[in-house]
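Given next are the chains, with one letter for each unit.
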Amino acid sequence: QYHKEIRVLATATAERSVPSRRHADLPLTAGEQLDVIDAAQGHAVICRNSQGRYGYVLVEHLNFR
């Protein structure tokens, strides 16, 4: 669960489908639109999907165009 104030920093599209490997990861479906709501450490960001679910996503799986 995400406890900070939610501000959408950017929107991105999932480049590929990726299953979650950890409970904190957000599973992705190719072409899915995501809201980036926080920058995490390393190469991950915290995203929210259209169902309102939150989780970590590696930026290499996202297209910001």
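This text goes with the structure placed above it.
On a predicted model such as this, the values are computed, not experimentally measured, just so you know.

**Q** How should I be thinking about the overall build of the protein in this particular structure?
**A** Counting its secondary structure elements, the protein contains zero helices and five strands. Helices and strands appear in the protein in the N-to-C order β-β-β-β-β. Each principal axis of the C-alpha distribution contributes one length, and for the protein these read about 30 × 25 × 25 Å. In the protein, buried positions account for 35% of the 65 residues. For the protein, the proportion of contacts with a sequence separation of at least 24, taken over those separated by at least 6, is 45%. Of the roughly 4600 Å² of accessible surface on the protein, a fraction of 47% belongs to carbon and sulfur atoms. Computed over 8 positive and 7 negative side-chain charges, the inter-centroid distance for the protein is 2 Å.

**Q** Could you clarify how one ought to interpret the sheet that holds strand β4 (residues 54–58) in this entry?
**A** Strand-to-strand pairing in sheets goes through backbone hydrogen bonds, with the strands running parallel or antiparallel. Read across the sheet, five strands follow the order β4-β3-β2-β1-β5 without closing on themselves; strand pairing throughout is antiparallel. Two strands close off the open sheet at either side, each with one partner strand: β4 and β5 (62–63). As paired strands, strand β1 (residues 10–14) and strand β2 (residues 33–39) are joined by four bridges and run antiparallel to one another. Note that in β2 the partner of Ala10 across the bridge is Val36.

**Q** How should the environment of Gln51 be read in this particular structure?
**A** Inspection of the secondary structure assignment puts Gln51 in the loop between β3 (44–48) and β4. A residue is classified by how much of its surface remains accessible, and Gln51, at 64% relative accessible area, is exposed. At 3.1 Å, the side chain of Gln51 forms a polar contact with the side chain of Ser50.

**Q** Please explain the pairing of β1 as it appears in this structure.
**A** Moving residue by residue along a regular strand, the side chains alternate between the two faces of the sheet. One ladder, built from two bridges, connects β1 with β5; its direction is antiparallel. Counterpart to Ala14 in the pairing with β5 is Leu62.

**Q** Can you walk me through the pairing of β2 in this structure?
**A** Here β2 lies mainly inside the structure; five of its seven residues are buried. What sits between β2 and β3 in their antiparallel hairpin is a turn of four residues, with Gly42 showing a positive phi close to 80 degrees.

**Q** Would you take a moment to explain the environment of Pro19 for this structure?
**A** Inspection of the secondary structure puts Pro19 in the loop between β1 and β2. As for Pro19 and Thr29, which are separated by ten residues in sequence, their C-alpha atoms are 8.4 Å apart.

The rules behind these values
- Residues numbered from 1 in each chain as written.
- Predicted model: local features only at pLDDT ≥ 70, side-chain atom pairs only at ≥ 80, totals over all residues.
- Heavy atoms only, no water.
- Helix = DSSP H or I, 4+ residues; strand = E, 2+ residues; numbered from the N terminus.
- Buried < 20%, exposed > 50% of the residue type's maximum accessible area, 1.4 Å probe, protein only.
- Contact = heavy atoms within 4.5 Å.
- Areas by Shrake-Rupley, 256 points an atom, 1.4 Å probe, with all protein chains shown as cover.
- Lys, Arg positive; Asp, Glu negative; His and termini not counted.
- Charge placed at Lys NZ, Arg CZ, Asp CG, Glu CD.
- Pairing = 2+ DSSP bridges.
- Polar contact = N/O pair within 3.5 Å; in protein donor to acceptor, adjacent residues only side chain to side chain.

Note that all results are geometric; they support no functional claim without further evidence.
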